[in-house]
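Architecture at a glance
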Amino acid sequence: MVEASHILDRVLVLEMVRVTEAAAIAASKLIGRGDEKAADAAAVEAMRAALNELYMDGTVVIGEGERDEAPMLYIGEKVGTAQGTGPRIDIALDPLEGTTITAKAGPNALAVLAIAEEGCLLNAPDVYMDKLAVGPGYPEGIIDLDKSVKDNVTAVAKAKGVNPADIIVCVLDRPRHEKLIAELRAIGCGIMLIPDGDVAGVIATTNPDTTIDMYMGSGGAPEGVLAAAALRCVGGQFKGRLLFRNDDERGRARKWGIEDLDRVYDLNELAKGDCIFAATGVTDGSLLEGVKRLPGGLMTTESVVMRASSGTVRWVKGEHRKAK
């Protein structure tokens, strides 16, 4: 059982939803407009403004990049109205998870945020991470990054009481996954290829309605921490190992205090202690409905907010009316 954090108690769960709602509404104005950068910038600006209204001493530990790359919500940026006096909170965020999806009006774009006490979220560098995830209800240790694709699928199938060919695996549709996809096809698995948005892909393993059993493949390490925070709240297992393409990326990892570059991270190493995860749909998807703009200036949103210590998952439908 995860012990409740008295620090997080002071940052209302609903406040996190207001932050992701603000980012999602701002990004939704650019759905289908073909401009990824503009959509991302709108979400970043709105999320930053919302975070800066909260009573906390917040630090962005996973954000839009390092300070020289990102003008706002960069790693290390301080947010909140109570710097030096309020509760010290670490924040992992992706104001628009699925910039390409949003630009093309595709499914599963989200505004995403996770918070925990200071020091409880891995400062993951902006590199790739090899990821392997399953939902709740399986024996501990059922997945292992050091085992083959076939061994992992077979283990999950056996625990579920089905044939390996009955397992459905979610994979990012990328050229780098050709070998992985071929191995899964050889087993006979169903593969759900997604164009983007691997936070939603990992979380989908926890929802029986999606029919997704496993998530496999490489994606952004920051998104791995966000997904791990969500699984901490609802159950499931996650394994992640950082992938480095060059010495510059290895140096970036060491800058953030990561010495063992081959380490396999477990759920509790990516997101420790009590944590809160919130997401609001930007476009319709398997997890959440997107922002809807209705006559008369009315907008509707759908969000989910989870907390590790209570295991509570709240679904929040919002109606937003422009001030008269």
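Below is a short write-up of the structure. (Residues numbered from 1 in each chain as written. Predicted model: local features only at pLDDT ≥ 70, side-chain atom pairs only at ≥ 80, totals over all residues. Heavy atoms only, no water.)

1. As for the packing of helix H5 (residues 149-160) against helix H6 (residues 178-187)
Between H5 and H6, whose axes approach to 10 Å, the crossing angle comes to 45 degrees. The orientation of H5 with respect to H6, classified from their angle, is oblique. Crossing angle aside, the handedness with which H5 passes H6 is right-handed. Contacts between H5 and H6 involve Val 149, Lys 150 and Val 153 on the former and, on the latter, Leu 180, Glu 183, Leu 184 and Ile 187. Considered class by class, the residues forming the contact of H5 with H6 number 5 nonpolar, no polar and 2 charged. (Axes fitted to C-alpha atoms, helices over the stretch in contact; angles between N-to-C directions. Helix = DSSP H or I, 4+ residues; strand = E, 2+ residues; numbered from the N terminus. Parallel < 35°, antiparallel > 145°, perpendicular 65-115°, else oblique. Left-handed = near helix turned anticlockwise from the far one by under 90°. Contact = heavy atoms within 4.5 Å. Nonpolar A, V, L, I, M, F, W, Y, C, P; charged D, E, K, R; others polar.)

2. What about the packing of aromatic side chains?
In total, this model carries 0 aromatic pairs according to the counting rule given. Lying across the ring of Tyr 128, Arg 176 places its NZ or CZ 4.3 Å from the centre. (Phe/Tyr/Trp six-rings, centres within 6.5 Å; stacked < 30°, edge-to-face > 60°. Lys NZ or Arg CZ within 6 Å of the ring centre and 35° of its normal.)

3. Description of the pattern of salt bridges
Taken as a whole and judged by the stated rule, the model has 19 salt bridges. With its nearest N and O atoms 2.6 Å apart, the salt bridge here joins Asp 284 to Lys 292. The exposure class of Lys 292 is partly exposed, given its relative accessible area of 27%. Here Arg 321 makes a salt bridge to Glu 319, at a shortest N to O gap of 2.9 Å. Here Arg 321 matches Glu 319 in class, with each residue exposed. (Salt bridge = Lys/Arg side-chain N within 4 Å of Asp/Glu carboxyl O. Buried < 20%, exposed > 50% of the residue type's maximum accessible area, 1.4 Å probe, protein only.)

4. What about a positive patch on the surface?
A surface patch of like charges, here positive, comprises Lys 29, Arg 33, Arg 293 and Lys 322. Mapped onto the elements of the fold, Lys 29 is located in the loop between helix H2 (13-28) and helix H3 (36-51). (Patch = residues over 30% accessible without salt bridge, like charges linked within 9 Å, V, L, I, M, F, W, Y side chains within 5 Å. Areas by Shrake-Rupley, 256 points an atom, 1.4 Å probe, with all protein chains shown as cover. Lys, Arg positive; Asp, Glu negative; His and termini not counted. Charge placed at Lys NZ, Arg CZ, Asp CG, Glu CD.)

5. Comments concerning the environment of Ser 5
Summarising the element assignment, Ser 5 is placed in the segment before helix H1 (6-9). Looking at Ser 5, the relative accessible area reads 2%, which means it is buried. Residues Ser 5 and Gln 83, spaced 78 residues apart in sequence, show a C-alpha to C-alpha distance of 19 Å. In this view, Ser 5 contacts Glu 117, Asp 274 and Arg 307; residues no more than four positions away in its chain are not counted.

6. Section: H6
Residues of H6 that are buried: Leu 180, Ile 181, Leu 184 and Ile 187. Take H6 and look down its axis: the buried residues cluster within an arc of 115 degrees, on one side only. Exposed side of H6, more than 90 degrees from the buried face: Glu 178, Lys 179 and Ala 186 are the residues found there. Tucked inside the fold, the buried residues of H6 contact H5, strand S6 (168-172), strand S7 (190-194) and strand S8 (214-220). Trailing H6 by a residue or two, Gly 188 shows a phi angle of about 95 degrees, which is positive. (Arc of directions from axis to C-beta.)

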